[in-house]
Amino acid sequence: MVFRIEPQMGPEAYKTYAIVSPISTHMRRATCEEVGCEHHLNGWRVRVEALTPDLVRAARDSGRKYTEQSIAEGETWLVFEAGQTCFKAHEHRAPIGRPPLYLVRDGDYRGNPRRTKARLHQRPGDWVEDFAEHQQALADEIKKG
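Residues numbered from 1 in each chain as written. Predicted model: local features only at pLDDT ≥ 70, side-chain atom pairs only at ≥ 80, totals over all residues. Heavy atoms only, no water.

(A) Broad picture of the environment of Ser21. Examined against the element boundaries, Ser21 turns out to sit in the loop between β1 (15-20) and α1 (23-26). Apart from residues no more than four positions distant in its own chain, Ser21 is found in contact with His26 and Pro100. (Helix = DSSP H or I, 4+ residues; strand = E, 2+ residues; numbered from the N terminus. Contact = heavy atoms within 4.5 Å.)

(B) The sheet that holds strand β5 (residues 75-80), seen in detail. Here we have three strands laid out as an open sheet, ordered β3-β5-β4, and antiparallel in their pairing. Either end of the sheet is taken by a strand with one partner, and the two such strands are β3 (44-47) and β4 (66-72). For this sheet, the mean inter-axis angle between neighbouring strands, taken without regard to orientation, is 25 degrees. When β3 meets β5, the two strands line up antiparallel, connected through four bridges. Residue Arg47 lies in a different strand from β5, and its bridge partner there is Trp77. (Pairing = 2+ DSSP bridges. Axes fitted to C-alpha atoms, helices over the stretch in contact; angles between N-to-C directions.)

(C) Spatial organisation of the nonpolar core. If you look at the biggest cluster of nonpolar residues, it comprises eleven residues: Cys32, Cys37, Trp44, Val46, Val48, Val56, Ala59, Leu78, Phe80, Cys86 and Ala89. Elements represented by at least two residues in this core include exactly β3, α4 (53-60) and β5. Ignoring sequence-local partners within four residues, the contact set of Val46 consists of Leu51, Thr76, Trp77, Leu78 and Phe80. (Core = buried A, V, L, I, M, F, W, Y, C linked by side-chain atoms within 4.5 Å. Buried < 20%, exposed > 50% of the residue type's maximum accessible area, 1.4 Å probe, protein only.)

(D) The arrangement of the sheet that holds β1 in detail. Pairing within the open sheet is antiparallel, and its three strands lie in the order β1-β7-β8. Here the strands that pair on one side only, and so sit at the sheet edges, are β1 and β8 (119-121). Shown here is a sheet whose adjacent strand axes are inclined to one another by a mean of 25 degrees, direction ignored. In terms of strand pairing, strand β7 (residues 101-106) meets β8 through three bridges, oriented antiparallel. In the sheet register, Tyr102 faces β8, and the bridge partner there is His121. Sitting on the sheet, helix α5 (residues 124-144) touches β1, β7 and β8, and the angle it makes with β1 is about 160 degrees.

(E) Expanded view of the packing of aromatic side chains. Under the defined criterion, the tally for this structure stands at eight aromatic pairs. Centre to centre, the rings of Tyr17 and Trp127 are 6.0 Å apart; their planes meet at 75 degrees, and the pair counts as edge-to-face. In this pair, Tyr17 is assigned in strand β1 and Trp127 in helix α5, connecting sequence segments 110 residues apart. There is no split in this pair, since Tyr17 and Trp127 are both buried. Three or more aromatic residues joined by ring pairs form one cluster here, namely Tyr17, Tyr102, Trp127 and Phe131. Across from the ring centre of Trp77, 3.8 Å away, lies the NZ or CZ of Arg45, which sits over that ring. Its end group placed over the ring of Tyr109, Arg110 keeps NZ or CZ at 5.9 Å from the ring centre. (Phe/Tyr/Trp six-rings, centres within 6.5 Å; stacked < 30°, edge-to-face > 60°. Lys NZ or Arg CZ within 6 Å of the ring centre and 35° of its normal.)

Right under this line is the structure:
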């Protein structure tokens with residue numbers, strides 16, 4: 001659940017400060033072992049009745065070791081052993097060690113109506129200084145009334 005205070009002004013009146021590590025530039029594909037995948041460590045199970053026939057066939061023909069457990073009429077599970085690649089291994093990512101990007105953008109979550117280019121700070125200290133100066137400017141404006 002996300003709680004958001006609705007802004008009192010348009011997005012052009014705001015600045016967004018962000019520290020980001022985009023998946024495309026800061027992550028690489030990783031194995032189940034590298035990310036400590038719960039399915040790899042503990043095994044997993046899939047309810048047959050929750051899958052389409054194509055997915056049941058793909059799971060059974062995946063080359064992974066499993067047992068089939070029939071619990072009751074209409075409840076069958078494929079139980080996969082620990083220590084093997086899970087079905088979501090293609091989603092696993094690990095950081096490559098790049099430092100994060102320190103960005104300042106005009107606008108807020110609603111967008112950047114002026115379409116100004118984001119500023120990329122080269123050092124974390126510069127980003128912190130920019131943020132502090134912006135906060136001080138806001139405090140000065142509030143003080144003026």
